[in-house]
Amino acid sequence: MEKSTSASLNNVTKIMVMDFNFNSIVYSEFENWDEFIQITFVGNNGEYLSLSSVLYEEEVHIEFSDQSNYMQFLKTEFEFYRDSDSIFFIVGQILKGNNEASVPLIVSSSSEYDSDYLLNALSVLKSYKEE
């Protein structure tokens, strides 16, 4: 099991689970990762789970299957880890949201994907860069 390293999730605001099975992952252009990163898990019938962050801002934004379904939270309130074929996302206090998903979010796939590349992208997403 691989975990990210942050220690501020004393107050996880939700305890239900959202399980999302994806067929593919779409990443923003690697050349832009020093400013912006977006990771989108694409499921069946146009469903998606998208995580994005501007690296010099303190927030992460998650959108799922519709622009009106979202959560925004501080990077310090975001954890992820891999266990077998699943990636778990856990967030603490939600700053903004509408039709919020249950957390932790679990994404999994029966399709092959580059888990090292995904974990690297998630580490970049969670990072904060001074302007």
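Quick note: structure is the one above.
Worth saying up front: this structure is predicted, and the values here are computed from it rather than measured.

1. With respect to the packing of aromatic side chains
- Going through the model one piece at a time under the given rule, you end up with eleven aromatic pairs.
- With a centroid separation of 4.9 Å and 90 degrees between ring planes, the pair formed by Tyr 27 and Tyr 117 is classed as edge-to-face. With a gap of 90 residues between them, Tyr 27 in strand 3 (residues 24–27) and Tyr 117 in helix 1 (residues 115–126) connect regions that are remote in the sequence.
- Ring geometry for Phe 78 versus Phe 89: centroids 5.9 Å apart, planes at 20 degrees, classification stacked. Taken together, the positions of Phe 78 in strand 8 (residues 78–83) and Phe 89 in strand 9 (residues 86–91) put the pair eleven residues apart, joining distant regions of the chain.

2. What about the sheet that holds strand 10 (residues 94–98)?
- Reading across from one edge, 3-4-5-6-7-10 is the order of the six strands in this open sheet, with antiparallel pairing throughout. Since the sheet does not close on itself, it has two edges, and those belong to strand 3 and strand 10, each with one partner. With direction set aside, neighbouring strand axes in the sheet form an average angle of 15 degrees.
- In the sheet, strand 4 (residues 36–42) pairs with strand 5 (residues 48–54) via seven bridges, with the strands oriented antiparallel.

3. Here we look at the side chain of Ser 86
- Residue placement: Ser 86 occurs in strand 9.
- Residues in contact with Ser 86, not counting those within four places in the same chain, are Tyr 81, Ile 106, Val 107 and Ser 108.

Basis of the calculations
Residues numbered from 1 in each chain as written. Predicted model: local features only at pLDDT ≥ 70, side-chain atom pairs only at ≥ 80, totals over all residues. Heavy atoms only, no water. Phe/Tyr/Trp six-rings, centres within 6.5 Å; stacked < 30°, edge-to-face > 60°. Helix = DSSP H or I, 4+ residues; strand = E, 2+ residues; numbered from the N terminus. Pairing = 2+ DSSP bridges. Axes fitted to C-alpha atoms, helices over the stretch in contact; angles between N-to-C directions. Contact = heavy atoms within 4.5 Å.

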